[in-house]
Amino acid sequence: MYTMFTLIITLLLGTFAALIPAAWLAHRVHPLAGIIGWIAVFLMISGPTVIRWLRWRKLPTLADYKSQNPDANTKRGIQCIHCGGKRIRNWGVWNAQDTKRTHICETCNSALYRSYGKR
Ligand SMILES: [Zn+2]
């Protein structure tokens, strides 16, 4: 797990480290090529962040989840609409302490709803 994580980080950092001089060189060759290069660097750095945030934003809030899926709101707690599982864990969007939480069914791994604030 740790070695896999280190490998992924190294690959990502390597990609950015290679792209920044490439954009700088392109800028020296032609300003327009440089601008395109810098946009590519910017998208590669911010892309994953924006995608994670957009995925979180697309999820319903707990109140919306309950009103959209009346069956999911049982007397014994919230239930997964996909498999009926009642074990729901919440994950931080960026890290374990993040106040933006994604609530995921422990049985089938579906993202069910989002919340904001401390748990
Ligand atoms: Zn489920």
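Owing to the predicted nature of the structure, the values given are computational and were not obtained by experimental measurement.

Draft legend 1. Representation of the domain arrangement of the protein. You can read the domains of the protein as domain 1 (2-57) and domain 2 (60-116). Domain 1 and domain 2 are separated by 32 Å when their C-alpha centres are compared.

Draft legend 2. Examining the environment of Ser 67 more closely. On the secondary structure map, Ser 67 appears in helix H3 (residues 62-68). C-beta crowding within 10 Å serves as the criterion here: with 12 such atoms nearby, Ser 67 is assigned to the exposed category. Separated by 47 residues in sequence, Ser 67 and Ile 20 place their C-alpha atoms 48 Å apart.

Draft legend 3. Looking closely at the pairing of strand E5 (residues 111-116). Pairing between strand E4 (residues 100-105) and E5: five bridges, direction antiparallel. Looking at E5, one finds that Lys 100 is bridged to Tyr 116.

Draft legend 4. Inspection of the UniProt feature "transmembrane region" (unreviewed entry) in the protein at higher detail. UniProt's feature table lists "transmembrane region" (unreviewed entry) at residues 35-54, given in the numbering used throughout. The distance from the first to the last C-alpha atom of residues 35-54 is 26 Å, and the span holds 100% helix and 0% strand.

Draft legend 5. Inspection of the sheet that holds E4 at higher detail. Spatially, the three strands line up as an open sheet ordered E3-E4-E5, and their pairing is antiparallel. Where the open sheet ends on each side, the last strands, each with one partner, are strand E3 (88-92) and E5. Ignoring which end each strand starts from, the neighbouring axes of this sheet average 30° apart. Across five bridges, the pairing between E3 and E4 is antiparallel. By the bridge assignment, Gly 92 is partnered in E4 with Arg 101.

So, how was this worked out
- Residues numbered from 1 in each chain as written.
- Predicted model: local features only at pLDDT ≥ 70, side-chain atom pairs only at ≥ 80, totals over all residues.
- Domains from an automatic or database assignment.
- Helix = DSSP H or I, 4+ residues; strand = E, 2+ residues; numbered from the N terminus.
- Buried ≥ 20, exposed ≤ 12 C-beta atoms within 10 Å, placed from the backbone.
- Pairing = 2+ DSSP bridges.
- UniProt positions renumbered as here; feature names shortened; annotations may be inferred.
- Axes fitted to C-alpha atoms, helices over the stretch in contact; angles between N-to-C directions.

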